[in-house]
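So you can see what is in the structure, the chains are spelled out below.
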Amino acid sequence: MSSTIAGRLHEIVQSVHRLRPLPANTSRILQALEQPHTSAGVIAELIALDQALTAYVLRVANSAAMSTRMGVTSVSEAVMRLGFKQVRSLVLSTLAIGPLSVRLSGYRLGDKELWHHSIATASAAHWLDGALHYPDAEEAYVAGLLHDIGKLLLDQYVLADYQQIVEIMRAEQVPLWEVEERLFGIDHAGVGGLIATHWQFPPQLVQAIRYHHDPASNPGEQYLAALINLANALIPQPSAEESALVGRSIHPQTTTILGLKQAVIEPLRGRLIGALFTYEHRHP
């Protein structure tokens, strides 16, 4: 690694370390949700300290997707109806919606484009969970939602070297993330993994974010990263140029990790696109 690349990598890592920690109450909620003996009442009390989160949780618990004859009027009842896993995904959704809605000039993403892509990937991951029998649908949703958080920090570097990046991609026919790694010593997935570690996310979520472009490199459990890699590649792309720039392709080892035959990919894509509208609205 050249001294220039090493210097950039050091600067990027230091930028991650300078990020603000999670809001104290958000951190407390996420930690409590990870504890095996936490009660719904404790989670409800913590949620009630955040007015916006309280309103969001109640709205989702009373949404059409969760509807029953009786409406939900208390946070504790909402927590019991939703379950801890979906509550965790809602907490992380509120954390992500602001940052993921910004314009990213380096990646040529306008206002809310990254958010829409993240929601689509999350919805696709949740649907694929059912199709492929991954044991944790909410974990798949959250991993899809947060898989590109590294772009928020790396955008300024991509913007500064945009022309060089595009020239390398076109000349060598390599995806964006590989060029990022070559020029900066780390790609946006790696930066996302560092951010997730900094915010003390569960290890399986950190690994899914870190390895979603290259799940075979994950030294731990590879299934979730491969699932996000597949979801990221199968969702509809705005344009061929945008798809090429972002590098949303299925890794050669993804089908092996997921136990899929190549022949099922296109039928799976068709079924996914048909179901995607419904799944994009599962978290109102």
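Below is a short write-up of the structure.

Criteria and thresholds
Residues numbered from 1 in each chain as written. Predicted model: local features only at pLDDT ≥ 70, side-chain atom pairs only at ≥ 80, totals over all residues. Heavy atoms only, no water. Helix = DSSP H or I, 4+ residues; strand = E, 2+ residues; numbered from the N terminus. Rg over C-alpha atoms; globule rule 2.2 N^0.38 Å. Buried < 20%, exposed > 50% of the residue type's maximum accessible area, 1.4 Å probe, protein only. Contact = heavy atoms within 4.5 Å. Areas by Shrake-Rupley, 256 points an atom, 1.4 Å probe, with all protein chains shown as cover. Lys, Arg positive; Asp, Glu negative; His and termini not counted. Charge placed at Lys NZ, Arg CZ, Asp CG, Glu CD. Axes fitted to C-alpha atoms, helices over the stretch in contact; angles between N-to-C directions. Parallel < 35°, antiparallel > 145°, perpendicular 65-115°, else oblique. Left-handed = near helix turned anticlockwise from the far one by under 90°. Nonpolar A, V, L, I, M, F, W, Y, C, P; charged D, E, K, R; others polar.

## Overview of the overall build of the protein
The helix and strand inventory of the protein stands at 17 helices and 0 strands. For 284 residues, the compact-globule formula gives about 19 Å, and the C-alpha radius of gyration of the protein, at 19 Å, lands near that figure. With 284 residues in all, the protein has 54% of them scored as buried. In the protein, 65% of the contacts between residues at least 6 apart in sequence involve partners at least 24 apart. Looking at the protein as shown, the accessible area adds up to about 13300 Å², and 55% of this sits on carbon and sulfur atoms. Computed over 21 positive and 26 negative side-chain charges, the inter-centroid distance for the protein is 5 Å.

## A closer look at the packing of helix 7 (residues 113-132) against helix 8 (residues 137-146)
Close contact between helix 7 and helix 8 brings their axes to 7 Å; oriented N to C, the two are set at 155°. Here helix 7 lies roughly antiparallel to helix 8, going by the angle between them. Here helix 7 runs over helix 8; the crossing is right-handed. Within the contact between the two elements, helix 7 uses W115, S118, I119, T121, A122, S123, A125, H126 and D129 and helix 8 uses A137, E138, A140, Y141, G144 and L145. For the contact of helix 7 with helix 8, a count of residues per class yields 8 nonpolar, 5 polar and 2 charged.

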